[in-house]
Amino acid sequence: MSYQKINVPRLADAIMEQLEQQIIEGVLKPGARLPAERVLAEQLGVSRPSLREAIQKLSAKGLIISRQGGGNYVSDQLETAFSDPWEKLIRENEGLHDDVLEFRRAMEGVVAGMAAERATDADRKHLEDLIKQLRAAYDGEDLSAQSAADVAFHQAVAEASHNVLFAHLVSSLLHMLHRNIEDNIANLFASGSVAATLLGQHEDVWQGIKERDPVKARTAAEAHIDFVAKTMAHFRDEKERLKRAKRRLGEDA
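Residues numbered from 1 in each chain as written. Predicted model: local features only at pLDDT ≥ 70, side-chain atom pairs only at ≥ 80, totals over all residues. Heavy atoms only, no water.

S.K.: Residue-level account of the packing of aromatic side chains, with values.
M.R.: A complete count under the given rule lists zero aromatic pairs for this structure. The positively charged end of R67 is found above the aromatic ring belonging to Y73, 4.1 Å away from the centroid. (Phe/Tyr/Trp six-rings, centres within 6.5 Å; stacked < 30°, edge-to-face > 60°. Lys NZ or Arg CZ within 6 Å of the ring centre and 35° of its normal.)

Next comes the structure, spelled out in structure tokens:
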């Protein structure tokens, strides 16, 4: 009788695969610091040399950044690999803004529908907490808090879709928009009836997910982006009319 050889993975490779999976799934998020080497080795039940080798392998892949005397951190490569080439282009080419919103409409509509079907109890609890934070931020008229809560909510919806590619794509896109587009939604529309409408739209998405209704969640997400696109177009038109008026009056545009 012949037997197939049993290939037992090297311990360092097994450690690397576990940490890599946590990064892919978003358990370990960009910027997160890993526990100290001694602590992490104890948690994993492995030797420090094996853990050190696994960290080196992840570093070579660009997933971990090791800082001399400062610990090991999850890199943002999975997000910036997509956003970095587009960041400057979108900032410098206003005509691309509509394309970005069109892309967001398609992607966020899909992930909202998937989240309604797939969200766990823990996901729904997290989303409910984020909606409360969003309400508090709008009530307090804190632009920075509104922007952060808005991004966190959309990211959590993507994560609740339980599709790691969608989760990372949404994170990458939101990271890019949050940093670089002057017409950032939370900052531009953070007052008055527009702010109230935006808050209500986020709550509609949440209700669709809470009720496990994928059509309702998707429709609400698409309606949200449609409203944003329409409002941004209105502000661009107002800005252009102001420029024309200043030129006509001989003022600096």
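Continuing now.
S.K.: Requested: an account of empty space enclosed by the protein, with residues and values cited.
M.R.: Applying the stated rule across the entire model yields three cavities of 30 Å³ or more. If you add up the space inside the second largest cavity, you get close to 60 Å³. Lining the second largest cavity, in full, are E108, V111, A112, F153, H154, V157, A158, V170, V205 and A221. Residue assignment for the lining of the second largest cavity shows that the elements contributing at least two residues are α5 (96-118) and α7 (143-160). The element contributing the most residues to the lining of the second largest cavity is α7, with four residues. (1 Å grid on protein atoms, 1.4 Å probe; cavity = no way out; pocket = protein on both sides within 12 Å on 5 of 7 lines; lining within 4 Å. Points joined across faces, edges and corners; volume = space filled by probe spheres on them. Helix = DSSP H or I, 4+ residues; strand = E, 2+ residues; numbered from the N terminus.)

S.K.: Outline helix α3 (residues 48-60), supporting the account with residue identities and numerical values.
M.R.: Over its 13 residues, α3 runs 18 Å from end to end, which matches the ideal 18 Å to within 8%, given 1.5 Å per residue. Within α3, the full set of buried residues consists of S50, L51, A54, I55 and L58. Down the axis of α3, the smallest arc covering the buried residues is 140°, so these residues share one side. Pointing more than 90 degrees away from the buried face of α3 are the exposed residues P49, Q56 and A60. For α3, the secondary structure elements touched by its buried residues are α1 (11-24), α2 (37-44), β1 (64-67) and β2 (71-74). After α3 finishes, the residue G62 shows a positive phi value of roughly 85°. (Expected span 1.5 Å × (residues − 1). Buried < 20%, exposed > 50% of the residue type's maximum accessible area, 1.4 Å probe, protein only. Arc of directions from axis to C-beta. Contact = heavy atoms within 4.5 Å.)

S.K.: Quick rundown of the layout of surface pockets? Include the residues and the values.
M.R.: Here the largest pocket is characterised by a volume of approximately 750 Å³. Secondary-structure elements contributing two or more residues to the lining of the largest pocket are α1, α6 (121-139), α7 and α8 (164-180). Broken down by class, the residue content of the lining of the largest pocket amounts to 15 nonpolar, nine polar and six charged. (Nonpolar A, V, L, I, M, F, W, Y, C, P; charged D, E, K, R; others polar.)

S.K.: Can you break down the packing of α5 against α7 residue by residue, with the values?
M.R.: Taken N-terminus to C-terminus, the directions of α5 and α7 make an angle of 60°; their axes are 7 Å apart at the nearest point. It follows from the interaxial angle that α5 and α7 lie oblique. Seen from above, α5 lies across α7 with left-handed handedness. The segment α5 lies against α7, with R104, E108, V111, A112, M114, A115 and R118 engaging H154, V157, A158 and A160. Tallied by class, residues from the contact of α5 with α7 come to seven nonpolar, one polar and three charged. (Axes fitted to C-alpha atoms, helices over the stretch in contact; angles between N-to-C directions. Parallel < 35°, antiparallel > 145°, perpendicular 65-115°, else oblique. Left-handed = near helix turned anticlockwise from the far one by under 90°.)

S.K.: Got a sec to walk through the confidence of the model for the protein chain? Specific residues and values, please.
M.R.: With 83% of its residues at a pLDDT of 70 or more, the protein chain has an overall mean of 82. Element-level pLDDT for the protein chain is lowest in helix α9 (residues 185-188), with a mean of 52, against a maximum mean of 93 in α6. (pLDDT = per-residue confidence, 0-100.)

S.K.: Break down the packing of α5 against helix α11 (residues 214-248) for me, citing the residues and quoting the values.
M.R.: Contact pair α5 / α11: the axes reach a minimum separation of 7 Å and the direction vectors enclose 160°. Accordingly, the angle class assigned to the pair α5 and α11 is roughly antiparallel. Where α5 crosses over α11, the handedness of that crossing is right-handed. Across the interface between the two elements, H97, D98, L101, R104, R105, E108, G109, V110, A112, G113, A116 and E117 of α5 pack against P214, A217, R218, A221, E222, I225, D226, V228, A229, M232 and R236 of α11.

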